[in-house]
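One letter stands for each residue in the lines below.
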Amino acid sequence: MPEATRGAGTGTAGITAAADYFQSYSVVGLLAVVGVLFVAVAFGAGRLLRPVVPTPEKLLTYECGVDPVGEGWAHTQVRYYVYAFLYVIFAVDSIFLFPWATVFAAPGYGATTLVEMFIFLGFLAVGLLYAYKKGVLTWT
Amino acid sequence: MNDVLDVALRLLIVFVVFLTFPLIVGQTEHKVMAHMQGRLGPMYAGGFHGWAQLVADGVKFAQKEDVVPAGADRRIFQLAPAVALLPYLLVLLAIPIGPGEGAVGEVIDAGIFFVLAVMGVGVLGSLMAGWASANKFSLLGGLRTAAQLLAYELPMLLTAASVAMAAGTVSLPGILDAFEWWWLPWQIVGALVFFVAGLAELQRPPFDMPVADSEIIFGAYTEYTGLRFALFLLAEYAGIIVLCGLTTVLFLGGWHGPWGADGLGWVWTLLKTAVLAFLVIWLRVTYPRLREDQLQKLSWTLLVPLSLAQIALTGIVKVVIQ
């Protein structure tokens with residue numbers, strides 16, 4: 001780990017922690033730049049290497065070899081919007097599990113947080129059961 | 001100056017791993033599938049057992065004409081492969097392969113969180129491709145991808161949370177530091193759920209309904225050719241590496257092994273990852289594709305309840321042993 005950044009933040013522990021935090025994400029950012037460069041170079045090189053001979057037939061939308069019927073952005077019935085809601089609710093709930101998971105067994109918490117956990121799981125289970133009873137989780 | 005070199009070296013290693021390991025998995029898949037199906041697989045390119053097949057494929061892809069359908073949403077269509085691929089590169093940075101700070105691309109405190117969040121972005125690439133192609137098959141594929149993400153992201157999050165509870169931290173190296181051998185039986189249900197859900201998110205067989213070639217051609221990737229199609233393929237294999245690496249780190253103890261964890265920890269990580277990758281290929285050869293409703297049912301009525309049970313078990317055991 002680069003010491004320079006840590007040295008710069010010697011004021012208080014808080015500043016050091018913040019510096020470390022941004023340090024690790026700045027490396028992530030650098031890697032993202034590397035990735036974007038890779039894709040850009042690949043696309044650029046591809047442009048130089050490949051032939052470009054477009055014909056109207058080639059640019060047609062593919063539909064098993066016959067001329068496409070209607071638009072590609074066709075009306076479709078999105079059958080799963082109800083459980084898309086279900087997913088959003090569950091996912092938002094489970095995000096809060098992570099900060100809780102790091103402290104729930106800390107000294108002085110044990111039994112209380114365990115009861116809380118069962119209440120939480122109970123809510124989720126009841127929600128799932130309700131959705132099941134309502135027939136959201138069956139498909140035809 | 002050393003710091004700059006250090007970071008540059010780490011980025012380089014991660015990048016090289018990102019470019020080579022997926023090819024190794026791809027070549028292994030050719031060969032393993034061939035042997036399991038009683039045939040030879042690629043034997044010509046490169047001479048020895050067709051080792052250069054994927055290099056040849058790469059050359060072919062680079063020379064192919066890049067066709068963007070006239071009806072497509074051009075910019076989004078062209079951008080989609082990059083969005084599908086790059087998240088896996090970023091995730092590789094956070095996966096530790098050995099003990100200590102030296103053996104991980106970068107220690108990220110909120111490791112699990114970062115990894116799961118960034119992996120979710122990869123699916124966005126398929127959605128963009130599916131919508132922007134303006135093709136009926138692609139649209140169906142994209143919608144199926146979305147449905148699959150909704151169903152399988154949840155068990156993945158929950159089982160990862162179970163490991164975070166067991167370790168009391170969300171940092172990936174921190175989890176490995178806390179690891180004990182008896183976590184294996186303790187978290188086995190979580191491990192299975194995580195791995196299956198990960199397979200489904202990668203749209204690997206038997207969960208390849210979104211790309212089902214025999215009914216919707218190739219789903220979201222139907223209109224892609226040449227280099228852009230190659231990037232989607234690379235994303236799939238990079239995804240296998242990332243999923244197997246994460247399962248190893250979260251559930252199988254990463255660099256821990258019966259012996260030699262100090263010097264040879266990275267060998268254990270690579271070995272476990274390789275065995276899991278083999279399993280991914282094996283599953284592809286073994287199982288038929290699940291139907292769309294079976295896919296959803298498996299997740300909501302089996303995997304989600306199982307992962308909730310795993311969280312309850314983790315919580316009880318953890319509080320009892322405190």
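Predicted model only: the values in this text are computed from it and were never measured. Residue numbers run consecutively from 1 along every chain, following the written order of its sequence. To read the labels, note that chains go from A and ligands from 1, taken in the order they are written. Whole-chain, interface and lining totals are the exception, using all residues; otherwise, since this is a predicted model, local features are given only for residues with pLDDT of at least 70 and side-chain atom pairs are given and counted only at 80 or more.

**Considering helix 1 (residues 2-36) of chain B**
Residues and elements named next belong to chain B. Stated precisely, the cut-off is as follows: Put simply, DSSP marks the helices as runs of H or I at least four residues long and the strands as runs of E at least two long, and each gets a number from the N terminus on. In a helix, the anticipated span is given by 1.5 Å times the number of residues less one. Counting other C-beta atoms within 10 Å of a residue's own tells you its class, since 20 or more makes it buried, 12 or fewer makes it exposed, and anything in between is partly exposed; those C-beta atoms are placed from the backbone.
Between its first and last C-alpha atoms helix 1 spans 49 Å; for 35 residues at 1.5 Å apiece the expected length is 51 Å, and the two agree. Taken as a whole, helix 1 has its buried residues at Val 14, Phe 18, Phe 21, Pro 22, Val 25, Gln 27 and Glu 29. One or two steps after helix 1, the chain reaches Gly 38, where phi turns positive at roughly 65°.

**Some words on the UniProt feature "transmembrane region" (unreviewed entry) in chain B**
Residue and element names in this part refer to chain B. The line we're drawing: UniProt positions are given in the numbering used here, feature names are shortened, and annotations may be inferred rather than shown by experiment.
With numbering aligned to this structure, UniProt lists the feature "transmembrane region" (unreviewed entry) at residues 7-26, 79-98, 110-133, 154-176, 182-200, 229-253, 265-286 and 298-321. End-to-end, the C-alpha atoms of residues 110-133 are 36 Å apart, and along that stretch the chain is 92% helix and 0% strand. This span, residues 265-286, is 100% helix and 0% strand, and a straight line between its end C-alpha atoms measures 32 Å.

**Some remarks on the interface of chain B and chain A**
Defined as follows: Contact between two residues is assigned whenever their backbone-derived C-beta positions fall within 7 Å.
At the interface, 63 residues of chain B touch 57 residues of chain A. Secondary-structure elements contributing two or more residues to the side of chain B that touches chain A are helix 1, helix 2 (53-63), helix 3 (74-94), helix 4 (111-132), helix 5 (136-167), helix 10 (226-251) and helix 12 (292-321) of chain B. At 13 residues, helix 12 of chain B tops the list of elements feeding residues into the side of chain B that touches chain A.

**Focus: the environment of Ile 316 of chain B**
Take Ile 316 of chain B: it is sitting in helix 12. Expressed as a C-alpha distance, the spacing of Ile 316 of chain B and Gln 148 of chain B, which sit 168 residues apart in the sequence, is 31 Å.

**A short note on the environment of Ala 161 of chain B**
Tracing the chain through its elements places Ala 161 of chain B in helix 5. You can call Ala 161 of chain B buried: it has 26 C-beta atoms within 10 Å. Put simply, Ala 161 of chain B and Thr 314 of chain B are 153 residues apart on the chain and 9.8 Å apart in space, counted from C-alpha to C-alpha. Sequence-distant contacts of Ala 161 of chain B, that is, excluding residues within four places in its chain, are made with Ser 94, Leu 97, Phe 98 and Ala 101 of chain A together with Ile 311 of chain B.

**Remarks on the confidence of the model for chain B**
Operational definition: pLDDT gives the predictor's per-residue confidence on a scale running from 0 to 100.
Mean pLDDT over chain B works out to 86, with 98% of the residues at or above the 70 mark. The ipTM, which scores confidence in the relative placement of chains, is 0.81 for this predicted complex, and the corresponding pTM is 0.87.

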